[in-house]
Structures are given as structure tokens and as C-alpha cells.
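Fold and geometry: a report
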Amino acid sequence: MKNRIDMRLGRKHRRNLSLILVLAMVLSFMPADVSQAVSKNRVEYSDSWGWDDDSWDDDDSWNDDSWDDDSWNDDDSWNDDDSWDDDDSWDDDDSWDDDDDSWNTPKPTVTPKPTATPKPTKAPKASKYKKIGKKLLKLKKKYPEGKHWTNSNRYRWNALGYPLIACGCVSLACRLSDAVFGKKKKAKEIKSPSYKKVKIGDILRLNGDTHSAIVIDKTSSYLTIAEGNYNSSVHWGRKLSKNTKINYIWTRW
């Protein structure tokens, strides 16, 4: 506090001394009569207006701390406030600098992935029943259409688990069955089968258990058969309605 008062008094005296020196210099360059007149007028004015009183010197309104004190210099609100210098919100905020040019550079258009070419659908494999049918048709060369065939044509068949001496129509059906399934493949008998249970390769017993034939093809409405001793000959391709009465079948399926 004392230091501040001393500084104020020193500045006050220096200012008064400066004014006195300036006035002395001005008067030194003036003629004597003008200098005296000025001095006289100064005295007159000072008496009437009070220039010499202490209203200027003693009035602290000019010299008070509002101008000379350290309120401007010592106030740390400007210098010590780190809100401007130390605030990293402007320098460290990457939202402006590191925005990847999202304001200026448009994002590249994503190229859609090519649609995968669907794999071609494989043709369904021929059923095992159809394969047997094709094998049977190939035997048509060995047993051609119209070949003479009667009960004198015999064949020993063992698929039922016992030896069967087949004659005529039964003989041709058993020969064809062994040719496509093999002699070791066992057969079983199914009485009064439904149409659904009949399959290609089955041996049918028809006409009140008096005639035999083998199935070479099947649809939803009829069976195609091969048979011997049909008018004393081999015959291929006769069709039987699904409503045909079947006494029993021998099947290897």
C-alpha cells in the first residue's frame, strides 16, 4: 500500500514540474512586456477563476486509483484467466480439422456386389425303378417280340428260398427278373397288393392266378408289362389299368 501511495505522489509532482518547465520556456521566449502581461493576466484569471487553487492539484478525481493504480495492470482477470489461453476447446477440438473433409469431399458411392449366378439345377436322377425298367427293355433283343414261347419253355428259379420250376409265362418273367436283379437277390410274395405298392420289376400273378407277367413301366394310371406264352409267343408293351385285379406279386424291392 505504501509503495502505491509513493508512486502516486511521485507521478503528481512530476506532472506539476513538467507544467512549470513548459510555462517557463514559453515565457522565456516572449518579450518582457508580453511576459509581464501574461503573468498579470494569469494572476487576474487565477483570482477570478481560481486557476491557482488546489482544485486541480488536490482533486484526486484525476489522480485517484482509477487511472494510476494497478487496477489495469494488476487485475489478473485479463492476464491470468486461462479461459482464453489454456482452453483447449479451440486448439484440441478435432471436430474442425480432422473431419475427413466431410463438408467438401463427397463420400464415394459403394459399388453393389454382383449378384451371384445361381447354379444350374441338376436334372433329377432317374429313379431306381426306372433304371430297372431300362434294363428290362434292353432284354427285348434277347427275347424279341413274337418269339415262340409256350409251357415247354422252363426255368429253375430260387429267389423265393426254394426251387421253383417255372413254365411258360412264369418262365419268361423269372428269367427277366434274374437278369436285372441278379440270381442272389431274394423275392417275397405280397397278396392282393394295392396299385401303389406295385413297382417296376415286380412279377404279377393275374387272371385268377392263371397268368404271370413282369412290370416294365408304371404311371399314375396304368402298368406296362412283358409276358410269355401270350398267344404262344413273347409280347412286350401291353398296358394294364390301375384297376386290374392282381392276385399277388413277387417283389425284390
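A brief look at the structure comes next. Because the structure is a prediction, the values reported are computed rather than measured.

Overview of the nonpolar core
Burial of nonpolar side chains together is a common tendency in soluble globular proteins. In this structure, Leu136, Trp157, Leu176 and Leu204 are the most contacted members of the largest nonpolar core, which totals 39 residues. Of all the secondary structure elements, the ones that give two or more residues to this core are helix H9 (128–138), strand E1 (154–157), helix H10 (168–181), strand E4 (203–206), strand E5 (211–218), strand E6 (222–227), strand E7 (235–241) and strand E8 (248–251). The dominant element in this core, judged by the number of residues it contributes, is H10, at eight residues. When neighbours within four sequence positions are excluded, Leu204 is seen to be in contact with Val198, His211, Ser212, Ala213, Val215, Leu223, Ile225, Leu240, Ile246, Tyr248 and Ile249.

Regarding the packing of aromatic side chains
Using the criterion set out here, one finds five aromatic pairs in the structure. For the pair Tyr143 and Trp149, a centre-to-centre distance of 6.0 Å together with 80° between the ring planes defines the contact as edge-to-face. Here the two residues Tyr143 and Trp149 agree in accessibility, since each one is buried. Here the aromatic residues Tyr129, Phe181 and Trp253 are joined through ring pairs into a cluster of three or more. A cation over an aromatic ring shows up here: Lys218 above the ring of Tyr195, its NZ or CZ 4.9 Å from the ring centre.

Focus on the pairing of E4
Neither face of E4 is open: one carries Ile203 and Arg205, the other Leu204 and Leu206, and all of them are buried. When E4 meets E5, the two strands line up antiparallel, connected through four bridges. If you follow Leu206 over to E5, its bridge partner there is His211. Between E4 and the antiparallel strand that follows it, E5, lie four residues; Asn207 among them carries a positive phi value of about 55°. Where E4 and E8 come together, three bridges link them in antiparallel fashion. Its bridge partner lying in E8, Arg205 is registered against Tyr248.

Basis of the calculations
- Residues numbered from 1 in each chain as written.
- Predicted model: local features only at pLDDT ≥ 70, side-chain atom pairs only at ≥ 80, totals over all residues.
- Heavy atoms only, no water.
- Core = buried A, V, L, I, M, F, W, Y, C linked by side-chain atoms within 4.5 Å.
- Buried < 20%, exposed > 50% of the residue type's maximum accessible area, 1.4 Å probe, protein only.
- Helix = DSSP H or I, 4+ residues; strand = E, 2+ residues; numbered from the N terminus.
- Contact = heavy atoms within 4.5 Å.
- Phe/Tyr/Trp six-rings, centres within 6.5 Å; stacked < 30°, edge-to-face > 60°.
- Lys NZ or Arg CZ within 6 Å of the ring centre and 35° of its normal.
- Pairing = 2+ DSSP bridges.

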